[in-house]
Each structure stands twice: as C-alpha cells, then as structure tokens.
Amino acid sequence: MTPFTRESAALMRLPVANVDTDQLIPARFMKEPRRPEGYGRFLLRDLVAEGTAPAPAPGQTILVARRNFGCGSSREAAVYALADFGFRAVIAPSFGDIFASNCVKNGVVPATVSEEDAERLLGIEALPATVDLEAQTIACGNVVVPFRIDPVWRTQLLNGWDDIDLTLAEADSIAAFTARDVAERPWAAPRRD
Amino acid sequence: MNSPASLFDRLWDRHVVKRREDGLSLLWIDRHFVHEGSHHAFGQIAARGAKVARPDLTFGVADHYVPTRGRGGPVPDASIARMVDQLSANTAAHGITLFGLDDPRQGIVHVTGTEQGLTLPGLTVVCGDSHTSTHGAFGAYAFGIGASEVAHVLATQTLWQKKPKRMRISVEGATAPGITAKDIMLTIIATIGADGAAGHAIEYAGTAIRALSMEGRMTLCNMSIEAGGRCGMVAPDGTTVAYLKGRPFAPDGALWDRAQEDWAGLASDADAVFDREVALEAAVIAPTVTWGVSPEQALPITAAVPDPEAMADPVKAAAARDAIAYMGLTPGQPLASVPVDRVFIGSCTNSRIEDLRAAAKVLAGHRARVPGMVSPGSSLVKQQAEEEGLARIFTEAGLEWVASGCSMCVGMNGDTVPAGERCASTTNRNFKGRQGPGARTHLMSPAMVAAAAVTGKLTDVRQFA
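Undergrad: Please clarify how the pairing of strand β15 (residues 342-345) of chain B should be interpreted in this entry.
TA: Residues and elements named next belong to chain B. Burial along β15 is two-sided: Arg-342 and Phe-344 and Val-343 and Ile-345, pointing in opposite directions, are all buried. Of the strand pairs in this sheet, β15 and strand β18 (residues 422-425) are connected by 3 bridges, and their pairing is parallel. Along β18, the bridge assignment pairs Val-343 with Ala-424. Across 3 bridges, the pairing between β15 and strand β16 (residues 372-374) is parallel. Among the inter-strand pairings, Phe-344 is bridged to a residue of β16, identified as Met-373. Taking the sense of rotation as the criterion, the β-α-β connection linking β15, helix α12 (residues 353-363) and β16 turns out right-handed.

Undergrad: I tried to follow the interface of chain A and chain B on my own but got confused; where do I start?
TA: The parts lose accessible area when they come together, and the size of an interface is often stated as this lost area. Between chain A and chain B, the contact holds 64 residues from the first and 81 residues from the second. Of the roughly 5400 Å² buried at the junction of chain A and chain B (both faces included), carbon and sulfur atoms supply 55%. In terms of surface lost to chain B, no three residues of chain A exceed Lys31(A), Trp187(A) and Arg191(A), which account for 16% of the buried area on that side. Residue Lys105(A) is joined to Glu149(B) by a salt bridge in which the shortest nitrogen-to-oxygen separation is 3.9 Å.

Undergrad: Before we go on, may I ask you to explain the sheet that holds strand β2 (residues 60-65) of chain A in this structure?
TA: To summarise the sheet geometry, strands pair through backbone hydrogen bonds and adopt either a parallel or an antiparallel arrangement. Residues and elements named next belong to chain A. If you walk across this open sheet you meet the 7 strands as β4-β3-β2-β1-β5-β6-β7, and the pairing is mixed. Each edge of the open sheet is held by one strand with a lone partner, namely β4 (109-112) and β7 (143-146). Taking each pair of neighbouring strands and ignoring which way they run, the sheet shows an average axis angle of 30°. Summarising the sheet, β2 and strand β3 (residues 89-92) pair through 3 bridges and their orientation is parallel. The partner of Val-64 across the bridge, within β3, is Ile-91.

Undergrad: I keep staring at the domain arrangement of chain B and nothing clicks. Help me out?
TA: All names here are of chain B. Looking at chain B, the domain boundaries give domain 1 (7-162) and domain 2 (289-464). Each of domain 1 and domain 2 was reduced to a C-alpha centroid, and the two centroids are 28 Å apart. Contacts between the two partners involve 23 residues from domain 1 and, on the opposite side, 25 residues from domain 2. Contact between domain 1 and domain 2 buries roughly 1900 Å² in total, counting both sides, with carbon and sulfur atoms accounting for 56%. Per-residue buried area on domain 1 facing domain 2 is highest for Thr-68, Ile-108 and His-131; these three make up 32% of the total on that side.

Undergrad: I tried to follow the side chain of Arg342(B) on my own but got confused; where do I start?
TA: All names here are of chain B. Within the secondary structure, Arg-342 sits in strand β15. Classification of Arg-342 as buried rests on a relative accessible area of 17%. With residues up to four places along the chain from it excluded, the contact list for Arg-342 reads Val-370, Pro-371, Val-417, Pro-418, Glu-421, Arg-422, Cys-423 and Ala-424.

Undergrad: How should I be thinking about the nonpolar core in this particular structure?
TA: General note: in soluble globular proteins, nonpolar side chains tend to be found buried as a group. Ranked by size, the top nonpolar core spans 177 residues in total, and within it Phe69(A), Tyr204(B) and Phe394(B) carry the most contacts. Each of domain 1 (7-162) and domain 2 (289-464) of chain B gives at least three residues to this core. Once residues lying within four places of it in the same chain are set aside, the contact partners of Phe394(B) are Ile345(B), Leu356(B), Ala359(B), Ala360(B), Leu363(B), Val374(B), Leu399(B) and Trp401(B). Counting 25 residues, the second largest nonpolar core, distinct from the first, contains Leu122(A), Ile138(A), Val145(A) and Leu158(A).

Undergrad: It is not clear to me how the sheet that holds strand β10 (residues 200-205) of chain B should be interpreted in this structure. Could you clarify?
TA: Residues and elements named next belong to chain B. Spatially, the 4 strands line up as an open sheet ordered β11-β10-β9-β12, and their pairing is parallel. Of all the strands in the sheet, just β11 (231-233) and β12 (276-281) have a single pairing partner and so form its edges. Sheet twist, expressed as the mean angle between neighbouring strand axes with direction ignored, is 20°. Two strands pair when backbone bridges link them, and β10 and β11 are joined in this way by 3 bridges, in the parallel orientation. Residue pairing for β11: Ile-202 is matched across the bridge by Gly-232.

Undergrad: Is there a simple way to explain the pattern of salt bridges in this structure?
TA: Charged atoms that come close allow side chains of opposite charge to pair. Residues and elements named next belong to chain B. According to the stated counting rule, one finds 42 salt bridges over all chains in the structure shown. The partner of Glu-226 in a salt bridge is Arg-429, with the nearest N and O atoms 2.6 Å apart. Taken together, the residues span a long stretch of sequence, with Glu-226 in the loop between α8 (214-222) and β11 and Arg-429 in the loop between β18 and β19 (440-443) at a distance of 203 residues. Like Glu-226, the residue Arg-429 is buried in the burial classification. Salt bridges linked by common partners bring Asp-9, Lys-163, Arg-166 and Asp-275 together as one network.

About the criteria used
- Residues numbered from 1 in each chain as written.
- Chains lettered and ligands numbered in written order.
- Predicted model: local features only at pLDDT ≥ 70, side-chain atom pairs only at ≥ 80, totals over all residues.
- Heavy atoms only, no water.
- Buried < 20%, exposed > 50% of the residue type's maximum accessible area, 1.4 Å probe, protein only.
- Helix = DSSP H or I, 4+ residues; strand = E, 2+ residues; numbered from the N terminus.
- Pairing = 2+ DSSP bridges.
- Right-handed = clockwise from strand over helix to strand, strands pointing away.
- Contact = heavy atoms within 4.5 Å.
- Buried area = accessible area lost by both parts, 1.4 Å probe.
- Salt bridge = Lys/Arg side-chain N within 4 Å of Asp/Glu carboxyl O.
- Axes fitted to C-alpha atoms, helices over the stretch in contact; angles between N-to-C directions.
- Domains from an automatic or database assignment.
- Core = buried A, V, L, I, M, F, W, Y, C linked by side-chain atoms within 4.5 Å.

This is how it looks when you write it as structure tokens:
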C-alpha cells in the first residue's frame, strides 16, 4: 500500500446523500477480472448515466459527497473502482463502516467532516483541493476545514504497512490463545461426525 | 467484583488474542464463510504464497451467482459459470468444506450457515458480505468484511479491529397482529436513519424482540447494516437453544450441555452500560414499506408519499426529490394506491420457512395479478416448503417457484427486474438499480409482498386478516 501524506488535485463534487456501493460499482460489473484494465471504468456508471452524478474526470483524485457515503454492500470492488480511477481521498459527513475500512486497506483516505463543511466544499467552484493527512485538514481556495479520521487508520495510511505480515509475526500470541480457547470452549468447534 | 458487561462486551473480550497500545485488538474468528465473491481474497493469498490457516473453520457457499432456473444442468452464462467454478476450485485447493451448486444443503450463506448449526451463541462470525450481521440473531458477534480482510482471515483466522461503540435498541410491548420483524426493522431504520448506528454494535432488546422466533431475529439482525450498524445481536435464550438442538454442526452430548451453560451467561447485565440507547414502542409499529431509494425512506402503508417541499432539512429534501423522481411517484400519493409490476420473495432477509409460510397464508386461494418469483433461502427450505404444500400455493397463484440463491436481491445471477418496473420485494436494499438497472424496489415483509401480488398494488396486509 502506498503511504499517504498529502494529496493536491482536482476535487470531484457529488452532492448526493447515501451513495451506496452498488452505485460506486454496479453488481453486473463485478464478475469482470480487475486486471489489467482496472475497475475505474465502472465507477458510478449508472448515476452518471441518469445525470445524478457528474462523470469523474481524469486528474480528479479527491471526492466530496453527502452523508452515509459508501453504505450498503461490503464489496471492496467499490474502493477498487475509486482507487483504479485514481481517487486517493473521499470526504463526507459519514461513511459506511465497512467501506471506510476497505478504503484504508487500499490507501484511500476516508475523511469525515461536518455537514456544514461538506456543503462548503460542495459549493466551491472547481479548484484544486489539498488533503493533508498529518494536519488533518482539507484546503480548497480560501476554505480550510478540519477532518476526522480514526488515529489508527491515520497511522496505517501514513505508513502504508501490511496487516497480514504484522499478524503473522503474532504467531506465538495466536497459538497461546487457541490452546487456552480449545480448553475453555471445546463446544465451539464445528461438529464433524 | 467485575464491572457490569453487555453481551457485546463479553463477545469481544473472549476473542481478544492481543491488545495493542493504539487501541486495535487482534480478534480470533470462530467461523468464516466464503462465497463466489471471495476470488479477490483467494487471489491475494495466492499472490503471497500463503495457505489458509484454518480450513476447518472456513465454509464455502455458492449463492451470489448461482442460477435459480435449470439447476442440475450446465450454467449457461460463461462468466457466471466461472464465478461458481472459481469458488469450487479455491475451496478444494485449500481443503475447505463447500456447500456448492449441487449440494443438497446449498443456499444463501446466511440461511445455510445458520440452519446447519454452524453459527452458535458466543462465536465470532465473518464473511465478505455485509449481511453477515444476520448471524447475530444467535448472540454471536457477526460482521461483514471486505476482500482484504477476507484474505487476512484466510491467512491468520484473526482480524485487527477497533471495538465499536455499544448501542441498545429496545422495543417494548406487544406488536399488533400482522406485524413482523421486517416491519420492526424498517421502522427502526426510518427512525434512526441509514447511518444511525454507524460505528456501533447494536443489541436488540425488549419484550417484542424476545417474542420473535429465530427467523424473525435473523431478519432483524440482517438489516442492522441498513441502519449503518457494524453488527446486530440478540441475547441467546430458550428460543435460540431450541432452534440449535440437533443441527448438523452444532455440538451434541456432553459438549451440548457445556455449551448451554456457557450461553446462559452471555446476556447483558441489568446494569450494563451502552453508549447509546434507543427505545421504540411495539404497539405503534404498522406494516411498513419503503417509498424511496434508501431503507430509511420507509413509512407505514397507511401513509402517503412525502412532500419534499415540506421537509425542513434541505439535504433530506434533495434526497427525497431525487428518490421520488427515480421511483416514479408523486408527493401526496397514498402508498396503498401504488401499482406494482412484479413481486419477489427471497433473499437472506426473508426467505426462511416461516417467511414462506406467512406469504403462502396470504396467497392461498388467490391468483397473483402480477408476475413474480419465489426463491427459498436454501435448498433444504425449498424441500421443506414443497413437503408442506407451500410451493403449490405459490405456483397455483401464478408465481414462479425457483431454486435457492441471492437471485433478484442483487441480480448478479441474471435474475433482475426490468428497467422502469416496480417490484414489491422481501429483500433488504431499495438502492437505485439494486435489482437491475432502472429497477424500482419497495421493501416490505413477505406477507405484504403476497398481499401486493394479490391486489397488484401496495396493500395493507391487515385487510387479509
């Protein structure tokens, strides 16, 4: 995962609430292999077609939307579509929990702002925006707003570390846990006749 | 003396392998279900040359892409066949038990997993599917995860998690006749919003919840994600134990006794602390339907399509305007006058035997005015419904009785609602295009869908009582 410190780029404004992961990538595209073309070409396909969303433009890497962005299905493909298009940060007053977690796994910053600040960013004419993860601020024109992010996620995004490697180093703790657990909860194993 | 603990506190504490300074905990995972969508995660495992740490705790189920017609023959669509075949190959390569396309136990992962007795009180259960919250009905900590986390569980049987906040939703009193778990849950979501429980683990409590069957509790917990919750759960009790006894993978003999002792101690202490409490009165809950494109856009069937111009919150008003346009409705139009083009009974939310019985009870002796499809939650539910004569009621009403899978809830297998058509559906998401591009979905209980089938419009099922 590429570490994230600061990103300056064109801002995509999506003044829509409850943009669910079915909109970020409609289900019918999910049987396509991700490589080599990537899922960016499917991003927001149906909302763009019906005129609710502007077409994402090359060079835009930061997106701002209304509340509950990324709700719904756990499909990580929704984040693949954003990341493959080039997005590195999403800004909203609230996020679907699983989506936000998936963002972090793919180096995309889920930045939580107040409803008022989301509306301010949505109201600014196209200007480059800067997301600064160390300072936890978003700057766009003469507007500078703070954002919230879980401190653990922030550290992971700044460092770009790999969870699985980290966990495999915990093999001794896991072995100690399972030895104790099998004794305490022998009933928890699936019965195999 | 220990400080008071909630059910969720207990579930969390007993699974912590290691606590890190920064607030993350490494949690042990007791059950991991994988479906066709797991191919990204198996790909990640293959890319690093890792193997599955605990294939004995991992179970595969073919559901998202499986055809519901022509079962037993070859899968006609090559790209769909590839999705199903990939799951078979990945599970076989790692020694994982698979409830595959031709297995008599095949079904929707959240129906098969629970009816097989794989989900037990006190367990952690994960799956790369947001409706994994369903399994919380047993008093388990069950939550949906993305592909990267699926790969992490495959490689380590653990997950790094931050403890969610605790939220208790209490529904006290008795519900009126004809009110189901689906009506309770749609009312909860309409009350707290589609992000109302974001960052929270929900515990459902109160006399109206205790009165629900396991099927009802599964419907309730299933839609926790539709309220933004990380998971939803109901403390295990006699209803839970009676449901689990004798299930194929549930413990038996001395282990069964020991398990019951353990489960009896899981419920929240009377003075347990919650970060947030919400209370609803059961008696005021009416048969509920959605009118918009988010599950929070739900109202009693006796209400009318709302008027965005009368809404105080401009963001809500904009969302309502957009939803009403997409749904082809008019502000002020009575919901009980909205004609439907088809019906669907199925999905991990409402496809269990009790759901099919409720729908069949309304349909018995009637002809459906619109076409529709009934997809039972598992192949075993299908068999049981056929034995009970329910399948005949559906087919005699003119509805199509098909095999089990996610089907028209997500449309991945090709079962879709045509563009512009309106579907009364027992599913969980009324998102734009969820049932197919341009499809218009109204969510409701199985009995309400059956009533809509009979009249050809959204209908108050209480008039069939």
